[in-house]
Amino acid sequence: MNIQRIHHVAYRCNNAKETVTFYQQVLGMDFQLAIAENEVPSTKAPDPYMHVFMDAGNGNVLAFFEIPNSPPMGKDPNTPAWVQHIAFEVADMDALLAAKQKVLDTGLEVIGPVEHTIFKSIYFFDPNGHRLEIAANTAKPGMLEKLHEVAPAMLEEWDQTKRAPKHAAWLHDASVSMD
């Protein structure tokens, strides 16, 4: 299998029009297209839906489904709100700070910028309760390569212990060396 890229990522929304407006006005995304059916193509179930597609830049597409005949949206009560999120990248710290101000100007609460060593991020929620992250890369030369190098050992240790391995502790602890 030769995956080319992600075609689109789809989430549920409460209201397709409200969601499109939010992503246009707050994140500057273009509304690409809408697909609506009264029957689900893959299952043939009689279940009307509106499927909207937003241009997230560089060929990335973020899509949403409004499905009015289903129970109201909910969150997984066993998953903390900070875990599931959609992260978008901006060019630099100036763009990140401008994005933060734009989001604040809409009246939304924003967390950050949060320091992750290889990037800084802000966090907020869309009208559907989806957590959004906007990140600016700040990695210094060699950092991403080091993380790539230690990733298999970290995963193996995690799988055995379910405790955070120390291979990349330098990301959030300045007293720990990258080496």
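Everything numeric in this text was worked out from a predicted model, so none of it was measured.

Participant: What am I meant to see in the sheet that holds strand β8 (residues 131-137) here?
Facilitator: Consider a sheet: its strands pair through backbone hydrogen bonds, and that pairing is either parallel or antiparallel. With respect to topology, four strands assemble into an open sheet ordered β5-β8-β7-β6, the strand pairing being mixed. Across the chains shown, the open sheet's two edge strands, defined by having one partner strand only, are β5 (85-90) and β6 (111-115). Across the sheet, the mean angle separating the axes of adjacent strands is 25 degrees when strand polarity is ignored. Inspection of the sheet shows β6 paired to strand β7 (residues 119-125) by three bridges, in the antiparallel sense. Bridged to E115 within β7 is K120. Across the sheet, helix α2 (residues 93-105) lies against β5, β6, β7 and β8, angled at about 15 degrees from β7, the strand it touches most.

Participant: Is there a simple way to explain helix α3 (residues 143-161) in this structure?
Facilitator: Structurally, the α-helix is built with 3.6 residues per turn, so residues lying three or four positions apart point the same way. Along its 19 residues, α3 runs 25 Å from first to last C-alpha, staying within 8% of the 27 Å computed at 1.5 Å per residue. Two residues or fewer past α3, K162 is found with a positive phi of approximately 55 degrees.

Participant: Quick question: what am I supposed to make of the packing of aromatic side chains here?
Facilitator: The geometry of two aromatic rings is summed up by the distance between their centres and the angle between their planes. Going through the model one piece at a time under the given rule, you end up with three aromatic pairs. Aromatic side chains Y23 and F64 sit 5.0 Å apart centroid to centroid with 40 degrees between the ring planes, which places their arrangement in the tilted category. Here Y23 is found in helix α1 (residues 16-25), whereas its partner F64 is found in strand β4 (residues 61-66), with 41 residues between them in sequence. Side by side, Y23 and F64 carry an identical accessibility label, which is buried. An angle of 65 degrees between the planes, with centres 5.5 Å apart, marks the rings of Y49 and F65 as edge-to-face.

Participant: Sorry, what's going on with the sheet that holds strand β3 (residues 49-55) here?
Facilitator: Taken in spatial order, the four strands make up an open sheet running β1-β4-β3-β2, and their pairing is mixed. Lying at the two open borders of the sheet, with one neighbouring strand each, are β1 (9-13) and β2 (30-37). On average, adjacent strands in this sheet sit at an angle of 25 degrees to one another, irrespective of strand direction. Where β2 lies against β3, seven bridges are found, and the strand directions are antiparallel. Across the sheet, the residue bridging to I35 is H51, located in β3. Contacts between α1 and the sheet are confined to β1, β2, β3 and β4, with β3 contributing the most and set at about 5 degrees to the helix.

Analysis parameters
- Residues numbered from 1 in each chain as written.
- Predicted model: local features only at pLDDT ≥ 70, side-chain atom pairs only at ≥ 80, totals over all residues.
- Heavy atoms only, no water.
- Pairing = 2+ DSSP bridges.
- Helix = DSSP H or I, 4+ residues; strand = E, 2+ residues; numbered from the N terminus.
- Axes fitted to C-alpha atoms, helices over the stretch in contact; angles between N-to-C directions.
- Contact = heavy atoms within 4.5 Å.
- Expected span 1.5 Å × (residues − 1).
- Phe/Tyr/Trp six-rings, centres within 6.5 Å; stacked < 30°, edge-to-face > 60°.
- Buried < 20%, exposed > 50% of the residue type's maximum accessible area, 1.4 Å probe, protein only.

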